[in-house]
Amino acid sequence: MRQPSQSPRLSRRSLVGAMITLPTAITLGCDSHSVPTPRRRGASPSPPEGRRFPDGFRWGVATSAYQIEGAVKADGRGQSIWDAFCAVPGRISGGDTGEQAADHYHRYLTDLDIMQSLGVQTYRFSIAWPRIQPDGRGSANQRGLDFYKRLVDGLLERGIEPLATLYHWDLPQALQETGGWEQRDTAQRFADYAAIMFEALGSSVPTWATINEPKTIAEVGYVSGFHAPGKRDPEAAWAVRHHLLLAHGLAVRAFRDSGRARRICPVLNLAPVYPADDASAGSTAVAVADAMENRIYLDPIFKGSYPQDLLADQDKTAALHRVIKDGDLNVIAAPVDLLGVNYYNPVYVDTSGTYVMKHPTSMATWQQLYPDGLHDVLLRVRQDYGDIPISITENGIPTDDAPDGTVVYDPERIEFLRTHLAAVHRAIEDGVGVESYYLWSLLDNFEWSAGYSQRWGIVYVDFDSQQRIPKDSAQWYQDTIARNGI
Ligand code: FCB
């Protein structure tokens, strides 16, 4: 853990054991995917801390396409903004790219078997838009669709429920060249792509997520510029936020039009915002930070309006006012079936609006470690937005893992998971309807601008040999799932 420090107002990446009885040292390609069976279990023991989750609570793991798939030129896939961004010298730590990543495109059967051996009940993955529409528009690329059909079939055969995210940041580069998310038309293109996916997989995927973390796209892609498309243009970021919300709403509408009796949700990375000191308690600075971190996404989706305090600042939000058209808020507020919450960190703000670090961080220096923040943010959603069913769609920590033979010790991750799950459990006891938890991440992967320097998986990946080694935390998670508690 890193000790807290004072930091300028920058968001997230911009700052910028038990014996393993799981399959160890799996070096398998696409053809051979058998995985040793984990040890047999008797009746589930009681959770050691006595925190049992409600019956029917579902335990999952999450990944995203660009971070694990590799195979960027396979089967007609088009270029994404992340391929283009990685090609710009100096953008990604170590000059890394997602070209190979964890080679999941070819090794997905191995990865499905690992999930099954862990007892994982549900899997959140994302679909790479450029595999489906290489140029972001027009008819579907059948070979791209076939990959996700195979993946979903493989999940269902193993009794693992799929949760498919339509957009986890890999915009087709061709759409970037016509303006990307700054352009209103991109929202319509997204809805068309979504409709293709609902048609192709709508009857086998029970839960869909629209757009992963619109906040990160706007703040890190368009304000700090540490993510693709790498712009530093706060004015453009206002249009981007609105068009992402509009795209979400249009996709929800397309989903309802498809007639699927399934569920759809947004995925927001929420951060509880606290005053950094007595002077900032109740200050405008704290309210503004909360608006930008949370309400600017939650309010339009769940209340059909942008936060009034934000809109009232006409100077600051002129670029937002300019892009809102009649009827947009109705589209954005189309009813959803649940809310996906990604939780990584709280935010502390002083009277000048500067973000202050109060807790130790993980090796991702934007990530302050504060499990109670997860409890607080869940209660806040319930209090301000009502009883929406909630899924924790991401939560995790990077650690500096290295295999010791066939064992990978990662006690810091286990501690992180235990304390955060305790916070989720407390929120459930306090009446919040949390129905599932997706650990970020199944595999070590390409962590955006940090490249491969941060390992977020419960399964270690040797990126040279593509060997997979379940870490200690994988064993711990397997036990947690078996007990339905911590
Ligand atoms: C989230 C992203 C995910 C991963 C984790 C660490 O914000 O959605 O892709 O990078 O952070």
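Preceding this paragraph is the structure being described.
Residues numbered from 1 in each chain as written. Predicted model: local features only at pLDDT ≥ 70, side-chain atom pairs only at ≥ 80, totals over all residues. Heavy atoms only, no water.

Trainee: Whenever I open this one, helix H9 (residues 234–257) confuses me. Can you help?
Mentor: An α-helix turns once per 3.6 residues; consequently, residues spaced three or four apart project the same way. Along its 24 residues, H9 runs 35 Å from first to last C-alpha, staying within 8% of the 34 Å computed at 1.5 Å per residue. Counting buried positions over the 24 residues of H9 gives 19, a clear majority of the element. With its phi angle positive at about 75 degrees, Gly259 sits one or two positions after the end of H9. (Helix = DSSP H or I, 4+ residues; strand = E, 2+ residues; numbered from the N terminus. Expected span 1.5 Å × (residues − 1). Buried < 20%, exposed > 50% of the residue type's maximum accessible area, 1.4 Å probe, protein only.)

Trainee: Is there a simple way to explain the pairing of strand S9 (residues 390–394) in this structure?
Mentor: Within a regular strand, side chains alternate between the sheet's two faces. Burial within S9 is extensive, with five of its five residues counted as buried. For strand S7 (residues 339–342) and S9, the ladder comprises four bridges, and the chain directions are parallel. Among the inter-strand pairings, Gly340 is bridged to a residue of S9, identified as Ser391. With three bridges connecting them, S9 and strand S10 (residues 434–440) associate as parallel partners. By the bridge assignment for S10, Ile390 is matched with Val434. On the question of chirality, the crossover connecting S9 to the parallel S10 by way of helix H15 (residues 411–429) is right-handed. (Pairing = 2+ DSSP bridges. Right-handed = clockwise from strand over helix to strand, strands pointing away.)

Trainee: It is not clear to me how the pattern of salt bridges should be interpreted in this structure. Could you clarify?
Mentor: It is possible for side chains bearing opposite charge to pair when their charged atoms get close. In the structure shown here, the tally under the stated rule is 33 salt bridges. In this structure, the salt-bridge partner of Arg143 is Asp75, at a minimum N-O distance of 4.0 Å. Taken together, the positions of Arg143 in helix H5 (residues 142–157) and Asp75 in the loop between helix H1 (65–68) and helix H2 (81–86) put the pair 68 residues apart, joining distant regions of the chain. Since its relative accessible area comes to 47%, Arg143 is described here as partly exposed. Asp75 sits in the partly exposed class, given a relative accessible area of 28%. Across the pair Arg124 and Glu394 runs a salt bridge whose closest N-O atoms are separated by 2.9 Å. With Arg124 in strand S2 (residues 122–126) and Glu394 in strand S9, the pair connects residues that are 270 residues apart, well separated along the chain. Neither Arg124 nor Glu394 differs from the other in exposure class; each is buried. Three or more residues are tied together by salt bridges with common partners; here these are Asp401, Asp410, Arg413, Asp444, Arg455 and Lys471. (Salt bridge = Lys/Arg side-chain N within 4 Å of Asp/Glu carboxyl O.)

Trainee: Would you mind showing me how to read the packing of helix H8 (residues 214–222) against H9 here?
Mentor: In helix packing, the relevant descriptors are the interaxial angle and the interaxial distance, both defined with respect to the helix axes. Packing of H8 against H9 leaves a shortest axis separation of 9 Å and a crossing angle of 160 degrees. On the basis of their axis angle, the class for H8 and H9 is roughly antiparallel. H8 and H9 meet at a crossing whose hand is right-handed. When H8 is examined against H9, the residues Pro214, Ile217, Ala218, Glu219 and Tyr222 are found in contact with a partner set consisting of Pro234, Ala236, Ala237, Val240, Arg241 and Leu244. (Axes fitted to C-alpha atoms, helices over the stretch in contact; angles between N-to-C directions. Parallel < 35°, antiparallel > 145°, perpendicular 65-115°, else oblique. Left-handed = near helix turned anticlockwise from the far one by under 90°. Contact = heavy atoms within 4.5 Å.)

Trainee: So what exactly am I meant to see when it comes to the side chain of Asp401 here?
Mentor: Tracing the backbone through its elements, the reader meets Asp401 in the loop between S9 and H15. A distance of 3.4 Å separates a polar atom in the side chain of Asp401 from a polar atom in the side chain of Arg413. In terms of polar contacts, Asp401 uses its side chain to reach the side chain of Lys471, at 2.5 Å. In this structure, Asp401 is in contact with Val408, Tyr409, Asp410, Arg413, Arg455, Tyr460 and Lys471, ignoring residues within four places of it in sequence. (Polar contact = N/O pair within 3.5 Å; in protein donor to acceptor, adjacent residues only side chain to side chain.)

Trainee: Honestly, the sheet that holds strand S1 (residues 58–62) in this entry has me stumped. Any pointers?
Mentor: To summarise the sheet geometry, strands pair through backbone hydrogen bonds and adopt either a parallel or an antiparallel arrangement. Spatial strand order, S1-S2-S3-S4-S5-S7-S9-S10: eight strands in a closed barrel with parallel pairing. Going across the sheet, the axis of each strand differs from the next one's by a mean of 25 degrees, ignoring polarity. Lying on the sheet, H5 is in contact with S2 and strand S3 (161–167); it crosses S2 at an angle near 170 degrees. Its contacts with the sheet place H15 against S1, S9 and S10, and it is angled at close to 165 degrees to S10.

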